[in-house]
Amino acid sequence: MDENKIFLSESEMPQAWYNINPDLPVPLKPPIHPGTGEPLGPEALAPLFPMALIEQEMSMDRWIDIPDEIMDVLKIWRPSPLQRALRLEEALGTPARIYFKNEAVSPPGSHKPNTAVAQAYYNKQEGVERITTETGAGQWGSALSFACQIFDISCEVYMVRVSYEQKPYRRLLMQTWGAECYPSPSDRTEAGRAILAEDPDTPGSLGIAISEAVELAAKDEGTKYSLGSVLNHVLLHQTITGLEMKKQFEIAGDYPDVIVGCVGGGSNFAGFAFPYVKDKIDGKRDIDIIGVEPTACPTLTRGLYRYDFGDNAEMTPLLKMLTLGHKFVPAPIHAGGLRYHGAAPQLSLLVNEGVIEARALPQKEVFEGALLFARTEGHLPAPETAHAVQVAIVEALKCKETGEEKCIVIGYSGHGHFDLAAYENYLSGNLIDYELPQEEIDAAAEYLPNWE
Ligand SMILES: *Cc1c(COP(=O)(O)O)cnc(C)c1O
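### Quick word on the overall build of the protein
- A count of helices and strands for the protein gives 18 helices and 15 strands.
- For 452 residues, the compact-globule estimate of 2.2 N^0.38 gives 22 Å, and the C-alpha radius of gyration of the protein, at 21 Å, lies within 12% of that figure.
- Seen along its three principal axes, the alpha-carbon backbone of the protein occupies a region of about 60 × 50 × 45 Å.
- Counting over 452 residues, the protein shows a buried share of 61%.
- In the protein, of all internal contacts separated by at least 6 residues, the share reaching a separation of at least 24 is 77%.
- A total of about 17500 Å² of accessible surface is found on the protein, and carbon and sulfur atoms cover 49% of it.
- Across the protein, 37 positive and 64 negative side-chain charges occur, with their mean positions spaced 3 Å apart.

In structure tokens form, the structure reads like this:
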């Protein structure tokens, strides 16, 4: 097979998302109330999310149909190509076959609109007029702005102030798609005003921005909140990538031995990998499924498997997940999308059960991989995506030693066109690696809630 790209036609697109809940090796623990430790019913989440998404969050149905209205929007860029990285293979001199499933082809340039479009649709169905959210570097904010524009819903994005000031291009993308974008903390919420009163020059944080977006949704009937990762329904919407990939590998007459993706909250990796997890659990196939994270934020490799808050202001329900603790503030690495203290509960469970492997990489090595990829394949990976690229390179070089002709596939979550400052840092030799001292990880155990 030396085709460069394996395309699907639109009529071959998967018609349903894959829900892994009924296939997990042990049952998933429910979200619980921080005060009582009791499982949360649908009504507790109703002020924040439309009922259709809450039902998906708790569903035990293996397949959930994708409504035509969502499909029509996804077809703007889907199905995305599965590409063979022949030039990278040649540069490495490996007998391995390397593929990448390219989610950078979406309008915002990443996998994130796969869920943003679905979430905007279900909100519109239930009469929601405005959606609030937070964004760090702006990838999620821009994906949701795009989706809200399409379904004619107002979108308000609270962007961490330092990013708002240092990274204007993602903000301009949001504004181009019709969203309002505010630096957080802002004077538009009680949470924001309280923090500004204490520290007018604060750089802001994702935790503060979440508090602002959640407060607005909780206070207003016509406003809901939207989250771009971590939750079950977000991972569900992302499975369209892995389901497409399965069909593409059938066409190619190949099957992956190694699936590798980067992990922030876990949504893109879960989307690529979950449709293959069942084959692995059923013993049908022996696949290495590898999630990659930064050593500066080693949630999967060094975190504790405990109930924890999703945000550092302690406003969310508790989720059972691998976590570094909700007060953990990761070093300012360039892969902003991977700086989250926790990880999706479904993914955490599979790592804890040993079905999925986790690895951590320092950022200099990650950028080495990114550069080799850009200089062979031409595509410039996002710093997040480059974590997956580098592990694929490492695995392909192992094949060179052993002579194994493995099939390796990269979850190519997005392009790095808005991350050129990071590349500049690397090229000028100014990139620093951060190692996380064990004391900082031990500190989390002290303040984590004690529910089992
Ligand atoms: C946001 C983002 C990620 C990390 O988020 P996940 O929920 O773990 O997928 C990874 N890659 C890109 C390009 C992103 O924008």
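Moving on from the coordinates now.
### As for the domain arrangement of the protein
- Taken domain by domain, the protein comprises domain 1 (17–66 + 112–225) and domain 2 (78–109 + 239–434).
- Its C-alpha centre places domain 1 at a distance of 23 Å from the equivalent point of domain 2.
- With 38 residues of domain 1 at the interface, the matching set in domain 2 holds 35 residues.
- Taken together, both faces of the contact between domain 1 and domain 2 bury some 2900 Å²; the carbon and sulfur share is 71%.
- Our count for the contact surface shared by domain 1 and domain 2 stands at zero salt bridges.
- Where domain 1 touches domain 2, the interface holds eight residue pairs in polar contact (both at pLDDT 80 or more).
- Counting only elements with at least two residues in the side of domain 1 that touches domain 2, the list comes to β2 (16–18), α5 (113–125), α6 (139–150), α8 (168–176) and α10 (206–219).
- Residue contributions to the side of domain 1 that touches domain 2 peak at six residues, all from α10.
- Among the residues forming the side of domain 1 that touches domain 2, the class breakdown is 25 nonpolar, eight polar and five charged.

### Concerning the environment of Pro185
- Note on placement: Pro185 falls in the loop between β8 (180–184) and α9 (190–198).
- With relative accessibility at 4%, the residue Pro185 sits in the buried group.
- A sequence separation of 27 residues divides Pro185 from Glu212, and the C-alpha atoms of the two residues are 7.6 Å apart.
- If we ignore the near neighbours within four places in the chain, the residues touching Pro185 are Gly192, Ile195, Leu196, Thr202, Gly204, Ile208 and Glu212.

### Focus on empty space enclosed by the protein
- In total, this model carries three cavities of 30 Å³ or more according to the counting rule given.
- Roughly 40 Å³ of volume is contained in the largest cavity.
- Around the largest cavity, the lining residues are Pro294, Ile333, His334, Ala335, Leu361, Pro362, Gln363, Val366, Phe367, Pro383 and His387.
- At three residues, the largest contribution of residues to the lining of the largest cavity is made by helix α15 (residues 363–377).

### Observations regarding helix α11 (residues 232–252)
- For α11, with 21 residues, the first-to-last C-alpha span of 30 Å sits near the 30 Å given by 1.5 Å per residue.
- The sharpest bend along α11 comes to roughly 30°, located at Gln238.
- With 17 of its 21 residues buried, α11 lies for the most part within the structure.
- Within two residues after α11, Gly253 carries a phi angle of roughly 70°, on the positive side.

### Regarding the sheet that holds strand β1 (residues 5–6)
- Here seven strands make up an open sheet; going across it, the order is β1-β4-β5-β15-β10-β11-β14 and the pairing mixed. Looking at the sheet topology across the chains shown, the edges are occupied by β1 and β14 (357–361).
- In the packing of α11 onto the sheet, contacts are made with β1, β4 (82–84), β5 (97–102) and β15 (407–412), and the angle to β5 comes to roughly 140°.
- Against the sheet, helix α16 (residues 383–402) engages β5, β10 (258–262), β11 (288–294), β14 and β15, with an angle of about 170° to β15.

### What to know about the side chain of Asn114
- Mapping Asn114 onto the fold places it in helix α5.
- Judged by its relative accessible area of 2%, Asn114 is buried.
- In terms of polar contacts, Asn114 uses its side chain to reach the side chain of Arg78, at 2.9 Å.
- Apart from residues lying up to four places away in sequence, Asn114 is in contact with Leu74, Trp77, Arg78, Glu103, His237, Gln238, Ile240 and Thr241.

### Looking at a negative patch on the surface
- Taken together, Glu439, Glu440, Asp442 and Glu446 make up a surface patch of like negative charges.
- Here Glu446 is to be found in helix α18 (residues 438–447).

### What to know about the sheet that holds strand β9 (residues 223–225)
- Sheet architecture is open: four strands sit in the order β8-β7-β6-β9, paired in parallel fashion. Two strands lie at the open edges of the sheet, namely β8 and β9, each paired on one side alone. Strand-to-strand twist of the sheet, defined as the mean angle between neighbouring strand axes without regard to direction, takes the value 25°.
- Of the strand pairs in this sheet, strand β6 (residues 130–135) and strand β7 (residues 154–160) are connected by six bridges, and their pairing is parallel. The residue bridging Arg130 from the neighbouring strand is Ser154, located in β7.

Conventions adopted
Residues numbered from 1 in each chain as written. Predicted model: local features only at pLDDT ≥ 70, side-chain atom pairs only at ≥ 80, totals over all residues. Heavy atoms only, no water. Helix = DSSP H or I, 4+ residues; strand = E, 2+ residues; numbered from the N terminus. Rg over C-alpha atoms; globule rule 2.2 N^0.38 Å. Buried < 20%, exposed > 50% of the residue type's maximum accessible area, 1.4 Å probe, protein only. Contact = heavy atoms within 4.5 Å. Areas by Shrake-Rupley, 256 points an atom, 1.4 Å probe, with all protein chains shown as cover. Lys, Arg positive; Asp, Glu negative; His and termini not counted. Charge placed at Lys NZ, Arg CZ, Asp CG, Glu CD. Domains from an automatic or database assignment. Buried area = accessible area lost by both parts, 1.4 Å probe. Salt bridge = Lys/Arg side-chain N within 4 Å of Asp/Glu carboxyl O. Polar contact = N/O pair within 3.5 Å; in protein donor to acceptor, adjacent residues only side chain to side chain. Nonpolar A, V, L, I, M, F, W, Y, C, P; charged D, E, K, R; others polar. 1 Å grid on protein atoms, 1.4 Å probe; cavity = no way out; pocket = protein on both sides within 12 Å on 5 of 7 lines; lining within 4 Å. Points joined across faces, edges and corners; volume = space filled by probe spheres on them. Expected span 1.5 Å × (residues − 1). Bend = angle between axes of the 7 residues up to and from the residue. Pairing = 2+ DSSP bridges. Axes fitted to C-alpha atoms, helices over the stretch in contact; angles between N-to-C directions. Patch = residues over 30% accessible without salt bridge, like charges linked within 9 Å, V, L, I, M, F, W, Y side chains within 5 Å.

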